[in-house]
Structure formats: structure tokens, C-alpha cells
Amino acid sequence: MRHRIITSILDGNDAVGFVKVNWADSQTEPDYPDALEIQRIYSLKEYHGHGIGAALMEHAISVARKLKRPMMWLGVEEQNKRAYRFYTKYGFKKVGTHVFMLGEDEQHDSVLVKNLED
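Below, the structure is looked at part by part. Here the structure is a predicted model, which is why all the values come from computation and not from measurement. (Residues numbered from 1 in each chain as written. Predicted model: local features only at pLDDT ≥ 70, side-chain atom pairs only at ≥ 80, totals over all residues. Heavy atoms only, no water.)

1. Some points on the sheet that holds strand S1 (residues 4-11)
Strand order across the open sheet formed by six strands is S1-S2-S3-S4-S6-S5, with mixed pairing between neighbours. Here the strands that pair on one side only, and so sit at the sheet edges, are S1 and strand S5 (93-102). Strand after strand, the sheet turns through a mean of 25 degrees between neighbouring axes, direction not considered. Most of the contacts of helix H1 (residues 52-66) go to strand S3 (residues 36-43), to which it runs at about 165 degrees, and overall it touches S1, strand S2 (14-23), S3, strand S4 (71-77) and strand S6 (105-115). Across the sheet, helix H2 (residues 81-89) lies against S3, S4, S5 and S6, angled at about 165 degrees from S4, the strand it touches most. (Pairing = 2+ DSSP bridges. Helix = DSSP H or I, 4+ residues; strand = E, 2+ residues; numbered from the N terminus. Axes fitted to C-alpha atoms, helices over the stretch in contact; angles between N-to-C directions. Contact = heavy atoms within 4.5 Å.)

In C-alpha cells form, the structure reads like this:
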């Protein structure tokens, strides 16, 4: 069974942002089996500052709460300061790093966690 949801925000017929969340055995890392993973959250650059990211994040938090997940986690590129600020604004905190392969290129991400039981 696949445990994932992809949600898009449209401007007319055009997708301008999306969020992909995973849980249970669909997560990309096994370290947080009871959590909800935000695998991707994205909005087109020309839509930055229009509330797309906030709406997608609120949706992801809502999904996690409906699924009764005690926490959420995500990986963010260590050099992506804009994304890092966005996630920390929502209460995510760095707990470590992980490596993933992009083709043959080894990428290093910070792992951020948000506790939903507060």
C-alpha cells in the first residue's frame, strides 16, 4: 500500500505549487516510522511571497494531524537559506543530516523535525 499524498495549487489550469507527503513505509528514510515526511514542497519562483508555500505547509500539517502523526520531518539542502528560514518559521528544528543520491552526485541535506504534540 502506498502511503503518500500529492497536493497541487492551481492558478487557472496551471499548477503553481505542490506538496508531497509520505508516511509509514513510503517514507524515504526509516528513522521516523511514526512521522509524516514532507518529501517535496515547491512553488514557482514567480509565486514566492504569494502564500503558496504557507498554504501547502498548512495542508501538510493538517494531513499529519488527521493521520495522528506525532511529528513531521523533512530534508532541506544545507545551502538553501530561504527554505531553511521558511521551515524554522513553522517550528522545524535541525536534528541531523542525511545523504541522498541525485544521479551519481552525493547530496547532503539537513534533517528538520517538527513536533506536533506540543
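2. Side note on the pairing of S1
As judged from the eight bridges shared by S1 and S2, these two strands associate in the antiparallel manner. Within the sheet, the bridge partner assigned to isoleucine 5 lies in S2 and is valine 21. The antiparallel hairpin formed by S1 and S2 contains two residues in its connecting segment, where glycine 12 sits at a positive phi of about 70 degrees.

3. A look at unusual backbone geometry
The phi torsion at alanine 24 lies on the positive side, around 55 degrees, for a residue other than glycine. With respect to the helices and strands, alanine 24 occurs in the loop between S2 and S3. A relative accessible area of 31% places alanine 24 in the partly exposed class. Positive phi, normally seen in glycine, also occurs at lysine 68, with a value near 60 degrees. As for its position among the elements, lysine 68 is in the loop between H1 and S4. What makes lysine 68 exposed here is its relative accessible area of 71%. (Buried < 20%, exposed > 50% of the residue type's maximum accessible area, 1.4 Å probe, protein only.)

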